[in-house]
Amino acid sequence: MGESFPMTGGDGPCSYTKNSSQQRASAASAKSLLTSAILGNLDIERSSRMFAIADLGCSTGPNTFIAMENIIGALTQKCKIEDYSSLPRVSSSFHGRLFPKASLNIIYSAFSLQWLSKAPQELGDVNSPAWNKGRIYYTDAPREVGQAYSIQYAKDMDSFLAARAEELAPGGLMLILMPGRPDGTLPSQNSLGPFLRPLESCLTDMVDEVCKSRNLNN
Ligand SMILES: C[S@@+](CC[C@H](N)C(=O)[O-])C[C@H]1O[C@@H](n2cnc3c(N)ncnc32)[C@H](O)[C@@H]1O
């Protein structure tokens, strides 16, 4: 996925700014974890004069600024750094390399790594046991569907981690926030289910509309 698919900008009713309070609240509740990771695990002595922080999967709206404020607040607490600079804006997929080798001191990624680089191909193959019947998620789907997502996810995480392993400076720190499911719970208990079901139904309706209008026009 070389292209970027940004969230809706501006501050209208459909903008990410007006529709990301859940992410903001979850990031706020992880602030003390973030601060203690920076205080306890980041090795600032080993960083060069330039201190670089990247937010992978940042979006329009205030969430990135709040996250950066929290990170800089914790850094200031740790060693009173006031002079920091950042690398230029990067717009490409975080599943590949984005930054020079050993150039980042802090890598932060919130509510972004749950998005796969692509839907597993077999989900759309009617002859595959992993055929997902036009649905967009694995909740309540056959086991093979969940497995196909899981395999794709493992590949994507491998690529992400391999790229970040190159980019993280010695003594640096990576902070990841992402929705998950406690061990031992069922896919149907995923906390994102209530959001994805209406989304799936809207997307299916839109696809049906397009198909209908094409049939009418042809
Ligand atoms: C739900 S938003 C999260 C925004 C922000 N981090 C927050 O916490 O509010 C997910 C973001 O991840 C980005 N994203 C998803 N997959 C990506 C990829 N492979 N490479 C770069 N960005 C990606 C999307 O464009 C979007 O901006």
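This text goes with the structure placed above it.
Since we're looking at a predicted model, the values are computed, not measured.

Trainee: Could you clarify how one ought to interpret the overall build of the protein chain in this entry?
Mentor: Scanning the protein chain for helices and strands turns up five helices and three strands. Mapped from its N terminus to its C terminus, the protein chain presents α and β elements in the order α-α-β-α-β-α-β-α. Its C-alpha atoms put the protein chain at 65 × 40 × 35 Å along the principal axes. Buried residues in the protein chain amount to 33% of all 218 residues. About 13700 Å² of surface is accessible on the protein chain, with carbon and sulfur atoms providing 56% of the total. Across the protein chain, the 20 positively charged side chains and the 21 negatively charged ones have centroids separated by 2 Å.

Trainee: How do you make sense of the sheet that holds strand β2 (residues 104-110) when you look at a structure like this?
Mentor: Strand pairing in a sheet takes place through backbone hydrogen bonds and is either antiparallel or parallel in direction. Spatial strand order, β1-β2-β3: three strands in an open sheet with parallel pairing. Two strands in the sheet have a free side with no partner beyond their single neighbour: β1 (53-55) and β3 (168-177). Looking at each pair of strands side by side, their axes are set apart by 15° on average, direction ignored. Pairing of β2 with β3, which is carried by six bridges, proceeds in the parallel orientation. Across the sheet, the residue bridging to alanine 110 is leucine 177, located in β3. Packing against the sheet, helix α3 (residues 63-79) makes contact with β1, β2 and β3, and its axis sits at approximately 150° to β1.

Trainee: Would you take a moment to explain the nonpolar core for this structure?
Mentor: Grouped burial of nonpolar side chains is what soluble globular proteins tend to show. Grouped together as the largest cluster of nonpolar side chains are 22 residues, with contacts concentrated most on Ile38, Ile71, Leu75, Ile106, Tyr108 and Leu175. Taken together, the elements giving at least two residues each to this core come down to α2 (31-41), α3, β2 and β3. Top contributing element to this core by residue count: α3, with six residues.

Trainee: How should I be thinking about the site of the ligand in this particular structure?
Mentor: Neighbouring the ligand are 17 residues; Tyr16, Gly57, Asn63, Phe94 and Ala110 lie closest to it. Contact distances for the ligand include 2.9 Å between a nitrogen atom and a backbone N or O atom of phenylalanine 94. Histidine 95 has a polar side-chain atom sitting 3.3 Å from a nitrogen atom of the ligand. Here the ligand has 600 Å² of accessible area as a free molecule, and 89% of this is covered by the chains. Per-class residue counts for the shell around the ligand are nine nonpolar, eight polar and no charged.

Trainee: Whenever I open this one, the side chain of glutamine 152 confuses me. Can you help?
Mentor: Looking at the element boundaries, glutamine 152 is found in helix α4 (residues 143-167). By relative accessible area, which is 7% here, glutamine 152 ends up buried. When residues no more than four places from it in sequence are discounted, the contact partners of glutamine 152 are Leu116, Ser117, Lys118 and Pro120.

Trainee: Even after reading the chapter, I still don't get the pattern of salt bridges, so can you show me in this structure?
Mentor: A side chain of one charge can pair with a side chain of the opposite charge if their charged atoms are brought near each other. Under the definition given, this model contains six salt bridges. Here glutamate 166 and arginine 97 are joined by a salt bridge, their closest N and O atoms 3.6 Å apart. A residue pair is termed long-range when its members are at least 10 positions apart, and glutamate 166 in helix α4 and arginine 97 in the loop between α3 and β2 qualify at 69 residues. With relative accessibility at 32%, the residue glutamate 166 sits in the partly exposed group. The exposure class of arginine 97 is partly exposed, given its relative accessible area of 42%. Beyond isolated ion pairs, a larger network of salt bridges with shared partners links Arg97, Lys101, Arg164, Glu166 and Glu167.

Cut-offs applied
- Residues numbered from 1 in each chain as written.
- Predicted model: local features only at pLDDT ≥ 70, side-chain atom pairs only at ≥ 80, totals over all residues.
- Heavy atoms only, no water.
- Helix = DSSP H or I, 4+ residues; strand = E, 2+ residues; numbered from the N terminus.
- Buried < 20%, exposed > 50% of the residue type's maximum accessible area, 1.4 Å probe, protein only.
- Areas by Shrake-Rupley, 256 points an atom, 1.4 Å probe, with all protein chains shown as cover.
- Lys, Arg positive; Asp, Glu negative; His and termini not counted.
- Charge placed at Lys NZ, Arg CZ, Asp CG, Glu CD.
- Pairing = 2+ DSSP bridges.
- Axes fitted to C-alpha atoms, helices over the stretch in contact; angles between N-to-C directions.
- Contact = heavy atoms within 4.5 Å.
- Core = buried A, V, L, I, M, F, W, Y, C linked by side-chain atoms within 4.5 Å.
- Near = heavy atom within 4 Å.
- Polar contact = N/O pair within 3.5 Å; in protein donor to acceptor, adjacent residues only side chain to side chain.
- Nonpolar A, V, L, I, M, F, W, Y, C, P; charged D, E, K, R; others polar.
- Salt bridge = Lys/Arg side-chain N within 4 Å of Asp/Glu carboxyl O.

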